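So the chains spell out like this:
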Amino acid sequence: MKLSIFTFNIWGLKVGSKNRNARIQALPDCLTNNGYDVVCLQELWCEDDYQYLKESCKNVFKYIHYFHSGMIGSGMCIMSRYPIIEHHYHSFSLNGYLHMFWHGDWFAGKGIGLCRINVNGFIVDVYTTHLQACYDPSNDKYTNHRIIQAFEIANLIRITSAGSDLSVLAGDLNCDPNNICYKLVCLVANMIDSYSACLNNSIEYTFSHPQNSYKNANEINRIDYILYKFNEKNLVVVNEHRHSLPHRVPGQNFSYSDHEPIEAVFEISVNTSSTERNITKNSGIKLENELFLNVLRSSLNMCNERNVINPIPYWYLVILPLCIVFMYTNTYTYPYINIFIASFIVFIMWIYNLVIKRTEQNCVRGFCHRIETLFSYQ
């Protein structure tokens, strides 16, 4: 049996996404006419866009689930030709900062979504996710966040996928294959990259592709993935791994998104040499693997309390109140009002700093304890 899984970050920001309406209008034709069985979308953040795609695709994808989360929604949706029998969403414990509102990750409530799908008797767990973005590689404030998110993804897949015939993670990991986050997901969840598993592979880059109209020559990378693992009761082969859409919207001079979509075509069959279900391949962690241990050590070195910073630098607490006092000096007759306003702002910012910093510290401690627990089983 063949199963086609498609993933696409559609760059659906309400503000700042160029040609969004035209790009969304062009999506239903390619989603419904290319033979995909399961479609995973990220950055679908506008309710009108979701409703349009849902209505336009419902004749082909009769089972559609959007993962509601956060203030503006996770932006993630799974469409399936086959029945979705269960679904689950896990919000990441660290998700960016509230005061960095122009980044938007905190407002989305990012996480990992799961749809369990019955594909002609085969149980297929399809996960989709979108990790914290890196906005400044030279000064990445979100290293702890991204590493903990990757570990939470891997743990959720490892725990929930034991009963499935095939488990697939399709989404935007916001990191390249050399990054510790990619390695954590693959090794802790025991997953295989379709990119490396497929001999007929036509993919080079998924973000800022040289032929993409929105490309940035300094950011060319492969950050979107379709990873998988399967139960030893079955045989799974990746027949195709490709960009299945043109680099431009037909008749237009712009691309479908600043990302390139990925399609992986799986061939699933029963392993006749196996007489009983063996979940070792689908859930086990091979602690004797030296690469795995090195990744855990690197994760502990990179994600630790020393890297937890004050979200708002302390010098802001001095400069901002002084500016307020200066601006309002000639406005109010009573100087005590200026002092009160400045003191109140300092208090609020101090409380915010404390809450956010302690939350991140505790999340990092929890992550370190879980890694140490894995080491203890050696």
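Residues numbered from 1 in each chain as written. Predicted model: local features only at pLDDT ≥ 70, side-chain atom pairs only at ≥ 80, totals over all residues. Heavy atoms only, no water.

For the rest of this paragraph, the subject is the pairing of strand β4 (residues 77–80). Burial of the side chains of β4 extends over both faces: Cys-77 and Met-79 are buried on one face and Ile-78 and Ser-80 on the other. As paired elements, strand β2 (residues 38–44) and β4 share four bridges and run antiparallel to each other. Counterpart to Val-39 in the pairing with β4 is Met-79. Two strands pair when backbone bridges link them, and strand β3 (residues 63–66) and β4 are joined in this way by four bridges, in the antiparallel orientation. (Buried < 20%, exposed > 50% of the residue type's maximum accessible area, 1.4 Å probe, protein only. Helix = DSSP H or I, 4+ residues; strand = E, 2+ residues; numbered from the N terminus. Pairing = 2+ DSSP bridges.)

This next bit is on the layout of surface pockets. As a volume, the largest pocket reaches approximately 1,000 Å³. Lining the largest pocket are 38 residues, with Ala-133, Cys-134, Tyr-135, Asn-174 and Phe-207 sitting closest to its centre. The set of elements that each furnish at least two residues to the lining of the largest pocket consists of β1 (2–12), α3 (105–108), α4 (143–160) and α5 (180–188). Among the residues making up the lining of the largest pocket, the classes are represented as 17 nonpolar, 11 polar and 10 charged. (1 Å grid on protein atoms, 1.4 Å probe; cavity = no way out; pocket = protein on both sides within 12 Å on 5 of 7 lines; lining within 4 Å. Points joined across faces, edges and corners; volume = space filled by probe spheres on them. Nonpolar A, V, L, I, M, F, W, Y, C, P; charged D, E, K, R; others polar.)

With that out of the way, let us pick up the pattern of salt bridges. Using the criterion set out here, one finds 10 salt bridges in the structure. One salt bridge connects Asp-49 with Arg-20, and the closest N-O pair in it is separated by 2.5 Å. Within this pair, whereas Asp-49 is found in helix α2 (residues 47–57), its partner Arg-20 is found in helix α1 (residues 20–33), the two being separated by 29 residues in sequence. In this structure Asp-49 comes out as buried when scored by relative accessible area, which is 7%. Here Glu-305 ties to Arg-365 by a salt bridge, and the two come within 3.0 Å at their closest N and O atoms. (Salt bridge = Lys/Arg side-chain N within 4 Å of Asp/Glu carboxyl O.)

For the rest of this paragraph, the subject is the packing of aromatic side chains. How two aromatic rings sit relative to each other is set out by the distance from centre to centre and by the angle between their planes. All told, the structure shown has 13 aromatic pairs when counted by the stated rule. Ring centres 6.0 Å apart and planes at 70 degrees place the aromatic pair Phe-6 and Phe-8 in the edge-to-face group. Both residues of the pair, Phe-6 and Phe-8, belong to the buried class. Geometrically, the ring pair formed by Phe-6 and Tyr-36 is stacked, given 4.3 Å between the ring centres and 25 degrees between the ring planes. (Phe/Tyr/Trp six-rings, centres within 6.5 Å; stacked < 30°, edge-to-face > 60°.)

Turning our attention to α5. With eight of its nine residues buried, α5 lies for the most part within the structure. Along α5, the positions that sit buried rather than exposed are Ile-180, Cys-181, Tyr-182, Leu-184, Val-185, Cys-186, Leu-187 and Val-188. Those residues of α5 that are buried lie in contact with α4, β8 (166–172), β9 (192–193), β10 (224–230) and α8 (290–302). By the N-cap criterion, in which a side-chain oxygen at the helix start approaches the backbone nitrogen of a residue two or three places on, α5 is capped by Asn-179, the distance to Cys-181 being 2.8 Å. (Contact = heavy atoms within 4.5 Å. Polar contact = N/O pair within 3.5 Å; in protein donor to acceptor, adjacent residues only side chain to side chain.)

Summed over the entire model, instances satisfying the criterion amount to zero disulfides. Free cysteine: Cys-181, not disulfide-bonded; nearest cysteine sulfur from Cys-175 at 5.0 Å. (Disulfide = S-S within 2.5 Å.)

Because an α-helix packs 3.6 residues into every turn, residues spaced three or four apart end up facing the same way. Look at α8: 18 Å from first C-alpha to last across 13 residues, which is about the 18 Å you get at 1.5 Å a residue. Buried within α8 are the following residues: Phe-292, Leu-293, Val-295, Leu-296 and Ser-299. End-on, the buried residues of α8 take up no more than an arc of 160 degrees, which puts them together on one face. (Expected span 1.5 Å × (residues − 1). Arc of directions from axis to C-beta.)

Attention shifts here to the pairing of β10. Of all seven residues making up β10, seven are buried, and the element is well covered by its neighbours. Burial along β10 is two-sided: Asp-224, Ile-226, Tyr-228 and Phe-230 facing one way and Tyr-225, Leu-227 and Lys-229 facing the other are all buried. Two elements, β8 and β10, share seven bridges in a ladder whose sense is antiparallel. Among the inter-strand pairings, Leu-166 is bridged to a residue of β10, identified as Phe-230.

Core analysis: the largest hydrophobic core is formed by 42 residues, its most contacted members being Leu-169 and Leu-227. Sequence-distant contacts of Leu-169, that is, excluding residues within four places in its chain, are made with Ile-112, Tyr-127, Thr-128, Thr-129, Ile-153, Ile-157, Val-185, Met-191, Tyr-225, Ile-226 and Leu-227. By size, the runner-up hydrophobic cluster in this structure holds 30 residues, among which are Phe-67, Val-168, Ile-226 and Phe-266. (Core = buried A, V, L, I, M, F, W, Y, C linked by side-chain atoms within 4.5 Å.)

Moving on: the sheet that holds strand β12 (residues 262–270). If you trace the six strands from one edge of the open sheet to the other, you get β3-β4-β2-β1-β12-β11, paired in mixed fashion. In the strand order of this sheet, the two ends are held by β3 and β11 (234–242), each with one partner. On average, each strand axis in the sheet is inclined to that of its neighbour by 15 degrees, with strand direction left out of account. (Axes fitted to C-alpha atoms, helices over the stretch in contact; angles between N-to-C directions.)

Keep in mind that these numbers describe shape and distance, not what the molecule does.
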